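Analysis of the macromolecular model
These are the residues of each chain, in order.
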Amino acid sequence: MSRAKLVGIALVAMTGVGGGGGPVEPAGLAWAACAEAPAAPFQCATLTVPLDYADPGKGTLDLAVIRAKATGPRIGSLVLNFGGPGGSGVTTLLASGGAFGSLNRSYDLVSFDPRGVDRSSGIQCLPPREFEEFLEAEPSLDEDTERDLSVEFVEGCQKNAGRILPYVGTVNAAKDMELLRQAIGDPKLNYLGFSYGTHLGATYATLYPQKTGRMVLDAALDPTVGLLDQSRTQVLGFQKAYENYLADCKKQPQGCPFGGNAEVVALLDRLDKTPLVVNGRKVTDDTVRAAIGEALYSKLSWPLLTEALTAAIKGDGVGVQTLADQYAGRQPDGTYNTLLSSLNAVLCADTTERPTFAQAEELAKDLSKVSPIFGPDAASAGICSVWPVPGEDSNKRVSSRGTQYPVLVVGAVNDPATPYVWAPKLTSELGNAVLLTFEGEGHGAYGQTLCVTGIVDAYLLNGTVPAKGTVCPAT
């Protein structure tokens, strides 16, 4: 299940990006056709950034950047981050750029793969087959097994990506984003961030309030929440979304074809003992957990989940495996993107907390009593205890005090991955911010209703700030 963190640090020089080595001045971007989408409207470029802002002499990283140029009169660039941590901005903008057509008329849409993600020195901890075996077995409610799985994973991270692991935290990613702002030539950064992207945006606003333009943070994270509390809140959030899904399934004209929760729990128990096999690959109870979690991110996926669970109960695991592959970032050629490896790297870099495996197992077993579907996921919260790089806590406090515009924070009341309680908390912590509430399902609210989309567009395009307490209904 996706997890998260957050922000805060002292201001740096306005003429560049701060660090012990002094300000860093970026070169302009050389835009050219994208290899994966050579036709308009997309163009790609490379942004070179320091590996270590405190010591630029240690070398550089090349970050992959993409844009879709404004289709009408241009007012500037809008930088997007789609979440993770570890999500590829290049891949996601290529796939979903059309969803932002109203914004693209006035903005160049710009996104990038943050350091440690896919095309930007992406962290890949295990070869595909070993990673597949890891996913089939993890999380485990056995402490020794969970520790062994995590140690194997972490040793692979250190072996394959040891050079970059100390430098993938969110503070460095925010400094990269300031270099991106300078390179694209905008006086202020206009920004739309989802999920973990709210963490990154809040970090940027804390570091560079005078350079922050119009900023929307959708599916907000709370930076003050510790790893164990975060796992608990997310498990309960997914459980609530799962219960809403089951209730909706029963309301369908034909009823819920697989029965209900008892049948799903029985499926998990059966697959724990005897996995299904699809194209030579195991479909385990953890495969089903990942499939359910993936489908709960959007209500549009609920019918697919119903089909997949119905088929799996009858012995056909193709549907649940397909959903689980989407969650894990499996590619058509059998390889995996870097999402889940990058996620853990950023998670552990962004905090000094190191919950033990015993603490994580205790939490997982406790949560499994109320959520047998998602409770075991909390066992993975112990991975940072064996992480090879110390984390840092400069991202525990955020503030947008001093920004030109109030930051617009958006929260959905039934968001499973970033539960709604985090949205008003982030709004309060930022200070110069306003909250927009969406009374619906799913992870992220933009694009789900005309109400949310219209308010966000009016803010980004015209600077119109919604009234305090604004609520958009689910329909």
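Scope of this entry: the structure provided in the associated data block. Since the model is a prediction, treat every value here as computed from it, not as a measurement.

1. Description of the overall build of the chain
Each helix and strand in the chain was counted, giving 15 helices and 12 strands. Whereas a compact globule of 475 residues would reach a radius of gyration of roughly 23 Å, the chain reaches 21 Å, a difference of no more than 12%. With the C-alpha coordinates of the chain rotated into their principal frame, the extents come out at 60 × 50 × 45 Å. Residues counted as buried form 59% of the 475 residues belonging to the chain. In the chain, of all internal contacts separated by at least 6 residues, the share reaching a separation of at least 24 is 77%. Accessible area for the chain stands at about 17800 Å²; split by element, carbon and sulfur atoms hold 54% of it. Here the chain contributes 38 positive and 51 negative side-chain charges, whose respective centroids are spaced 6 Å apart.

2. Remarks on unusual backbone geometry
Backbone torsion omega between Gly 84 and Pro 85 reads 0°, so that peptide bond is classified as cis. For the peptide bond that leads from Glu 138 to Pro 139, omega is 5°, which places it in the cis range. Relative to the helices and strands, Pro 139 is located in the loop between helix H3 (128–137) and helix H4 (143–161). With a phi angle near 55°, Ser 121 is a residue other than glycine that sits in the positive phi range. Tracing the chain through its elements places Ser 121 in the loop between strand S5 (107–112) and H3. With relative accessibility at 35%, the residue Ser 121 sits in the partly exposed group. One non-glycine residue, Ala 219, lies in the positive phi region at around 70°. The residue Ala 219 is located in the loop between strand S7 (212–218) and helix H7 (227–251) in this model.

3. Details of helix H10 (residues 302–313)
Each turn of an α-helix holds 3.6 residues, which means side chains three or four residues apart point in the same direction. In this model, H10 (12 residues) spans 17 Å end to end at C-alpha, consistent with the 16 Å of a helix rising 1.5 Å per residue. Three or more residues of H10 are buried, namely Trp 302, Leu 305, Thr 306, Ala 308, Leu 309, Thr 310 and Ala 312. If you follow the buried residues of H10, they end up packed against H7, helix H8 (261–273), strand S8 (276–278), helix H9 (285–295), helix H11 (318–328) and strand S11 (433–441). Backbone geometry just downstream of H10 places Gly 315 in the positive-phi region, at approximately 105°.

4. Some points on the pattern of salt bridges
Using the criterion set out here, one finds 20 salt bridges in the structure. For Asp 108, the salt bridge goes to Arg 74, with nearest N and O atoms at 2.7 Å. One end of the pair, Asp 108, is in strand S5; the other, Arg 74, is in the loop between strand S3 (60–68) and strand S4 (76–81), with 34 residues separating them in the sequence. In this structure Asp 108 comes out as buried when scored by relative accessible area, which is 4%. In this structure, the salt-bridge partner of Arg 330 is Glu 132, at a minimum N-O distance of 3.2 Å. Of the two residues, Arg 330 sits in the loop between H11 and helix H12 (339–349) while Glu 132 sits in helix H3, which places them 198 residues apart along the sequence. What makes Glu 132 buried here is its relative accessible area of 8%. A single salt-bridge network, built from bridges that share partners, covers Arg 129, Glu 132, Glu 133, Glu 136, Arg 281, Asp 325 and Arg 330.

5. Remarks on the pairing of strand S10 (residues 407–414)
With 7 of its 8 residues buried, S10 lies for the most part within the structure. Where S7 and S10 come together, 3 bridges link them in parallel fashion. Along S10, the bridge assignment pairs Asp 218 with Val 410. With 7 bridges joining them, S10 and S11 adopt parallel strand pairing.

6. A word on the packing of H7 against helix H13 (residues 357–368)
Where H7 meets H13, the closest approach of the two axes is 11 Å, and the angle between their N-to-C directions is 20°. Regarding the angle of H7 to H13, the classification is roughly parallel. Between H7 and H13 the crossing geometry is right-handed. Contact with H7, carried on its side by Leu 228, Ser 231, Arg 232, Val 235 and Leu 236, involves Gln 359, Ala 360, Leu 363 and Leu 367 of H13 and no other residues of that element.

7. Focus: the state of the cysteines
Within the structure shown, the criterion is met by 5 disulfides. In this model Cys 249 forms its disulfide with Cys 256; the gap between the sulfur atoms is 2.1 Å. Taking the sign of the S-S torsion, about 90° here, the bridge from Cys 249 to Cys 256 comes out right-handed. Cys 249 sits in the buried class, given a relative accessible area of 3%. Put simply, Cys 451 and Cys 472 are joined by a disulfide, and their sulfur atoms are 1.9 Å apart. On the S-S bond that ties Cys 451 to Cys 472, the torsion sits near -70°, and the link is left-handed. Taken together, the positions of Cys 451 in helix H15 (residues 450–462) and Cys 472 in strand S12 (residues 471–472) put the pair 21 residues apart, joining distant regions of the chain. Cys 451 gets classed as partly exposed once you look at its relative accessible area, which sits at 31%. Using a relative accessible area of 0% as the deciding quantity, one classes Cys 472 as buried.

Conventions we followed
Residues numbered from 1 in each chain as written. Predicted model: local features only at pLDDT ≥ 70, side-chain atom pairs only at ≥ 80, totals over all residues. Heavy atoms only, no water. Helix = DSSP H or I, 4+ residues; strand = E, 2+ residues; numbered from the N terminus. Rg over C-alpha atoms; globule rule 2.2 N^0.38 Å. Buried < 20%, exposed > 50% of the residue type's maximum accessible area, 1.4 Å probe, protein only. Contact = heavy atoms within 4.5 Å. Areas by Shrake-Rupley, 256 points an atom, 1.4 Å probe, with all protein chains shown as cover. Lys, Arg positive; Asp, Glu negative; His and termini not counted. Charge placed at Lys NZ, Arg CZ, Asp CG, Glu CD. Expected span 1.5 Å × (residues − 1). Salt bridge = Lys/Arg side-chain N within 4 Å of Asp/Glu carboxyl O. Pairing = 2+ DSSP bridges. Axes fitted to C-alpha atoms, helices over the stretch in contact; angles between N-to-C directions. Parallel < 35°, antiparallel > 145°, perpendicular 65-115°, else oblique. Left-handed = near helix turned anticlockwise from the far one by under 90°. Disulfide = S-S within 2.5 Å.

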